Structures are given as structure tokens and as C-alpha cells.
Amino acid sequence: MLMHEEIPLSLYVHIPWCQKKCPYCDFNSHTIETNLPEARYVESLIKDLEWDKKLSQGRKINTIFFGGGTPSVFSSKSIGRIIAAIDNLIGISPNAEITIEANPGSTDKKKYGDFFSVGINRISIGAQSFQSKHLDSLGRIHSNKDAKDAIKAATKAGFNNINIDLMHGLPNQDIREAKEDLKIAIDTGAKHISWYQLTIEPNTEFHSKPPTLPHTDELADIYDNGMTLLSNQGFEQYEVSAFTSDKKPSLHNLNYWSFGDYIGIGAGAHGKITTREGDIVRTLKSKMPNSYMERRDKNPRNKKSVPQDELITEFMMNALRLKNGVPWTYFESRTGISQSVISERVINLQNQGLLESSMEQLRTSDLGYRFLNSILERF
Ligand SMILES: C[S@@+](CC[C@H](N)C(=O)[O-])C[C@H]1O[C@@H](n2cnc3c(N)ncnc32)[C@H](O)[C@@H]1O
Ligand code: SF4
């Protein structure tokens with residue numbers, strides 16, 4: 001029987017607007033047309049949280065993540081109001097990690113200090129690149145200088161837990177340029193870098209009008225050179241795209257990857273919850289901002305139990321993304337499924353040298369990490 005009270009709880013808050021939609025992005029984000037319905041959306045979020053309050057079942061929230069979209073388009077007053085409502089309705093653990101995503105082009109840098117004073121203690125800055133021609137080709141609204149200024153402003157505002165989002169494999173990018181972006185990010189003093197390879201997603205402008213991307217072998221060279229640079233500069237990879245130089249991983253993402261529980265509020269947000277009865281359920285909110293806000297007086301939540309085979313796949317997809325994996329005990333304690341159900345597959349993968357044979361820790365070998373997708377296909 002799953003013991004829900006032993007499973008850590010996080011909260012995700014989705015803010016679905018951006019100043020301008022980027023051509024590569026398939027997140028649930030929409031260009032701000034005329035007026036941002038900020039006050040109405042905040043009311044809807046609080047209503048949503050009132051419904052989901054019971055999912056916490058006595059647990060406090062350990063991490064909060066304001067994601068988007070671009071949550072930093074909201075005022076610090078609104079963000080502070082949401083944090084206060086979370087604390088009132090559910091309760092926030094002391095020293096909880098509270099992150100906000102910020103786009104250097106759409107945030108008045110003075111706001112950073114205000115975000116800090118309403119309780120945000122980690123900021124994730126979407127720099128993407130520090131080179132004008134790449135920022136242009138990505139359709140970003142900020143300049144190279146804006147990105148650097150945003151990082152300086154965050155430091156000045158008091159943040160000592162800063163993440164920089166960078167992408168690589170950009171249209172016509174070469175190895176030198178990709179390394180230069182990493183060097184600049186490292187030189188800012190930020191202790192966390194998320195380094196994503198640009199992917200062309202369906203339903204994006206880049207999908208209908210594909211840009212010229214580097215060839216496969218160039219992409220591999222960019223990746224290998226970037227990994228060497230990060231490692232030489234003391235940045236440890238702890239997840240496929242996440243690197244930290246100061247043992248400052250994203251605690252919020254670690255909870256997802258370790259198959260912890262999370263409540264998701266906001267348009268299109270999903271949650272994963274272990275119930276008192278030992279069942280694991282998924283929740284999903286209306287995707288479009290208007291329909292989400294219109295439903296604010298009714299329960300906006302769709303809820304469904306997760307079948308056993310999906311639970312196994314999801315657990316493995318999350319846990320094995322972590323370089324060090326997770327304790328083996330998490331498999332039973334967080335899915336409710338006996339380890340014996342997967343033991344034959346695990347032994348086969350261990351015999352092939354793709355999974356470590358440790359009895360304590362479920363993790364890939366170095367070889368297995370390079371072929372993560374082939375391992376995941378077995379689950
Ligand atoms: C929700 S967005 C971040 C915050 C903010 N809206 C911004 O763009 O500055 C999360 C991150 O995902 C990454 N991302 C988005 N679309 C991507 C794609 N198609 N391929 C690779 N990374 C992508 C970007 O690095 C982006 O900063
Ligand atoms: S990448 Fe960020 S700013 Fe661009 S559309 Fe997506 S969420 Fe908005």
C-alpha cells in the first residue's frame with residue numbers, strides 16, 4: 001500500500017502568456033494580444049487551488065515553480081498574492097524552493113527585487129543564446145545585452161540560485177559559437193545551466209518553415225565539445241540537460257524525476273497525486289486560458305487513475321534521466337508495484353551493461369546513459 005504522506009509534494013503554477021510567441025516553442029503559451037487578464041487569472045488560480053487543496057492530504061508544499069509562458073509578465077503583487085494563497089490554503093514548508101521563469105526581453109529588471117521580496121528565491125532566465133544573429137533567428141525579443149543585464153539584475157536583487165536556459169544546435173550555429181554561449185553563461189557566475197538541443201516540434205512555425213540546422217555530425221560535435229567544456233568548468237551533469245557547479249540542482253525538477261507528487265494549477269497544468277487510498281491519479285486542467293478562466297466556478301479538474309504499465313513507463317522515464325538515478329526502494333514506494341514485475345527486464349539490461357547492478361541505486365551505466373532511449377523502450 002502506498003504511503004502518500006511519505007511522498008514529497010510540489011506545486012506547479014502555469015502562466016500561459018508571453019510578449020511574443022517564439023517560432024520553435026510548443027509550450028502552452030500565447031502572445032499577449034491587448035490586455036493581459038492578470039487579475040481574473042489570479043482569481044482563477046486561487047479558485048483552482050481551493051479545489052486541489054484536498055490533494056495535499058496534510059502535506060506541505062516543498063517546491064513551487066511558476067512556469068509558462070512567461071510568468072514574469074505578471075506583477076510581483078500578483079505573484080505574492082498567489083504565494084500567500086498557497087501558504088494559506090495548503091502551507092509551504094520552511095526553506096521551500098520557489099522558482100520563477102523570466103524572459104530577459106519582457107521583464108522590467110526592477111521587478112526582480114520585487115519578486116525576491118515576495119518570496120521567490122530561484123530565478124530561471126531564458127537567455128537561449130548570447131549572440132544577436134542567433135537570438136534573431138530564434139525570433140527572441142531580447143538582445144545579447146538584455147540577457148547579460150537580466151542575469152546581473154537578478155544577482156543584484158539578491159538571488160543566489162540562478163538558472164540560465166541555453167539552447168544549442170541552432171540554425172547555422174557552429175561549434176565555436178555554441179561554446180562561446182556556454183562560456184558567457186559560466187562567466188556570469190550562475191551555478192545552474194539548462195542546456196537544451198533545439199528540437200523542431202509539430203505545430204510550431206519552425207515545423208512549417210524549417211530553418212537550416214547543423215548536420216547530425218556537427219550536432220554531435222557541438223554536444224561533445226559542450227559537455228567537455230561544462231565538465232572542465234566544474235559543472236556536473238545531473239540530468240540529461242541540467243548542469244550545476246555548486247550542488248544547486250532544481251529541487252522542483254528533482255521531485256518530478258524522482259516520481260514525487262505535484263499539484264498543477266493554471267491553464268493546461270497537470271498534476272500527479274498519490275491518494276490516501278494508495279491510488280495514483282493524474283489531473284489535467286482546461287488548456288485554453290479563456291476556457292480555464294470561464295470554468296472558475298466549477299471544478300476545472302479532469303482526474304484519472306494511472307494503469308500499472310503506464311506507471312512503470314513513467315517511473316523509468318523520469319528516474320533514469322537522472323545521472324545518479326534513484327534509490328531502488330522508490331520503485332515500490334512511489335508506484336505501489338512490486339519490483340518482481342520488472343526484475344527480468346532489469347536483469348537483462350544489467351547483463352548487457354546498460355543498467356548498474358547496484359542493489360541500492362537504480363541507475364544506468366555510463367554506456368546506458370548514452371543509449372537511454374533504447375533502455376526506455378524496454379519499459
Ligand atoms: C517555458 S520556456 C522558458 C521561459 C521563458 N518563456 C523564455 O522563453 O525565456 C522553457 C525553456 O524551454 C526551452 N525550449 C523551449 N522550446 C524548445 C525547443 N523547441 N527545443 C529546445 N528547447 C526548447 C527554452 O530554453 C526555454 O527557455
Ligand atoms: S520560449 Fe518562452 S517566451 Fe518563447 S513562446 Fe515559449 S514560453 Fe514564450
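Reading the values: the criteria
- Residues numbered from 1 in each chain as written.
- Chains lettered and ligands numbered in written order.
- Predicted model: local features only at pLDDT ≥ 70, side-chain atom pairs only at ≥ 80, totals over all residues.
- Heavy atoms only, no water.
- Salt bridge = Lys/Arg side-chain N within 4 Å of Asp/Glu carboxyl O.
- Helix = DSSP H or I, 4+ residues; strand = E, 2+ residues; numbered from the N terminus.
- Domains from an automatic or database assignment.
- Contact = heavy atoms within 4.5 Å.
- Buried area = accessible area lost by both parts, 1.4 Å probe.
- Core = buried A, V, L, I, M, F, W, Y, C linked by side-chain atoms within 4.5 Å.
- Buried < 20%, exposed > 50% of the residue type's maximum accessible area, 1.4 Å probe, protein only.
- Near = heavy atom within 4 Å.
- Nonpolar A, V, L, I, M, F, W, Y, C, P; charged D, E, K, R; others polar.
- Axes fitted to C-alpha atoms, helices over the stretch in contact; angles between N-to-C directions.
- Parallel < 35°, antiparallel > 145°, perpendicular 65-115°, else oblique.
- Left-handed = near helix turned anticlockwise from the far one by under 90°.
- Phe/Tyr/Trp six-rings, centres within 6.5 Å; stacked < 30°, edge-to-face > 60°.
- Lys NZ or Arg CZ within 6 Å of the ring centre and 35° of its normal.
- Patch = residues over 30% accessible without salt bridge, like charges linked within 9 Å, V, L, I, M, F, W, Y side chains within 5 Å.
- Areas by Shrake-Rupley, 256 points an atom, 1.4 Å probe, with all protein chains shown as cover.
- Lys, Arg positive; Asp, Glu negative; His and termini not counted.
- Charge placed at Lys NZ, Arg CZ, Asp CG, Glu CD.
- 1 Å grid on protein atoms, 1.4 Å probe; cavity = no way out; pocket = protein on both sides within 12 Å on 5 of 7 lines; lining within 4 Å.
- Points joined across faces, edges and corners; volume = space filled by probe spheres on them.
- Polar contact = N/O pair within 3.5 Å; in protein donor to acceptor, adjacent residues only side chain to side chain.

Visitor: Quick one: what's the story with the pattern of salt bridges, residue by residue and with numbers?
Guide: Across all of its chains, the model carries twelve salt bridges by this definition. The residue lysine 285 makes a salt bridge to aspartate 52 at a minimum N-O spacing of 2.8 Å. Pair noted here: lysine 285 is in strand 13 (residues 280–285) and aspartate 52 is in helix 1 (residues 38–52), with a separation of 233 residues, a long-range link. Put simply, Asp48, Asp52 and Lys285 are held in one network by salt bridges that share partners.

Visitor: Could you give me a rundown of the domain arrangement of the protein chain, with the residues and numbers involved?
Guide: Frequently, the measure chosen for interface size is the accessible area that the parts lose on association. Annotation of the protein chain at the domain level lists domain 1 (4–254) and domain 2 (307–379). Inter-centroid distance (C-alpha atoms) of domain 1 to domain 2 is 28 Å. Contact with domain 1, which involves nine residues of that partner, is made by eight residues of domain 2. Taken together, the two surfaces of domain 1 and domain 2 that pack against each other cover about 670 Å², and 54% of this comes from carbon and sulfur.

Visitor: Just give me the short version of the nonpolar core, but keep the residues and values in it.
Guide: Within the largest apolar cluster, 66 residues are counted, with the highest numbers of intra-cluster contacts made by Phe66 and Tyr112. Per element, the largest residue contribution to this core is six residues, and it comes from helix 2 (residues 76–89). In this view, phenylalanine 66 contacts Val13, Pro71, Ile79, Ile82, Ile83, Ile98, Thr99, Ile100, Glu101 and Ile120; residues no more than four positions away in its chain are not counted. With 28 residues, the next largest nonpolar core counts Ala242, Ala319, Val326 and Leu362 among its residues.

Visitor: If you had to explain the site of ligand 2 to someone new, which residues and values would you point to?
Guide: What surrounds ligand 2 is the set Cys18, Lys21, Cys22, Tyr24, Cys25, Ser29, Gly69, Thr70, Asn103 and Arg140. Classifying every residue of the shell around ligand 2 gives four nonpolar, four polar and two charged.

Visitor: Provide a residue-level description of the packing of helix 6 (residues 175–187) against helix 8 (residues 216–232), including the pertinent values.
Guide: At a closest axis distance of 9 Å, the pairing of helix 6 and helix 8 adopts a crossing angle of 25°. Our classification of the angle between helix 6 and helix 8 gives roughly parallel. In the crossing of helix 6 with helix 8, the sense of the turn from one axis to the other is right-handed. Only Asp221, Ile222, Asn225, Gly226, Leu229 and Leu230 of helix 8 make contact with helix 6, whose side of the interface consists of Ile175, Ala178, Lys179, Leu182, Lys183 and Ile186.

Visitor: So what's going on with the packing of aromatic side chains? Which residues, and what values?
Guide: This structure, assessed with the given rule, holds 13 aromatic pairs. Plain terms: the ring middles of tryptophan 195 and tyrosine 223 are 6.2 Å apart, the flat faces sit at 15° to each other, and that makes the pair stacked. With tryptophan 195 in strand 8 (residues 192–197) and tyrosine 223 in helix 8, the pair connects residues that are 28 residues apart, well separated along the chain. Within the aromatic cluster, the residues linked to one another by ring pairs are Trp17, Tyr41, Phe74 and Tyr292. The ring of phenylalanine 259 carries the charged tip of lysine 272 above its face, separated from the ring centre by 4.1 Å. Between arginine 334 and the ring centre of tyrosine 330, over which it is positioned, the NZ or CZ distance is 3.9 Å.

Visitor: Before we move on, can you summarise the environment of proline 171 with the specific residues and values?
Guide: Mapped onto the elements of the fold, proline 171 is located in the loop between strand 7 (162–168) and helix 6. Of the residues examined, proline 171 reaches a relative accessible area of 6% and is grouped as buried. In the structure, proline 171 is positioned 27 residues away from asparagine 144 in sequence and 17 Å away in space, judged by C-alpha atoms. Residues contacting proline 171, with those up to four places away along its chain left out, are His134, Ser137, Leu198, Pro211, Thr212 and Leu213.

Visitor: Any details on a negative patch on the surface? Residues and values, ideally.
Guide: The grouping of Asp174, Asp217, Glu218, Asp221 and Asp224 at the surface amounts to a negative patch. Secondary-structure assignment places glutamate 218 in helix 8. Of the residues examined, glutamate 218 reaches a relative accessible area of 34% and is grouped as partly exposed.

Visitor: Let's hear about the layout of surface pockets: which residues, and what values?
Guide: Here the second largest pocket defines a volume of roughly 580 Å³. Around the second largest pocket, the lining is made up of 19 residues, and of these Tyr223, Val240, Tyr369, Arg370 and Leu372 lie nearest the centre. Contributions of two or more residues to the lining of the second largest pocket are made by strand 8, helix 8, helix 14 (366–370) and helix 15 (372–377). Of the residues assigned to the lining of the second largest pocket, the class counts are nine nonpolar, five polar and five charged.

Visitor: Please give an account of the site of ligand 1 that cites residues and values.
Guide: Of all residues adjacent to ligand 1, which total 18 residues, the nearest are Gly69, Gln128, Arg140, Asp165 and Thr199. At a separation of 2.9 Å, a nitrogen atom of ligand 1 approaches a polar backbone atom of glycine 69. Within the contact set of ligand 1, an oxygen atom lies 2.6 Å away from a side-chain nitrogen or oxygen of aspartate 165. Sorting the residues of the shell around ligand 1 by element identifies strand 5 (92–102), strand 6 (122–128), strand 7 and strand 8 as the ones contributing at least two each. Partitioning the shell around ligand 1 into residue classes produces six nonpolar, eight polar and four charged.

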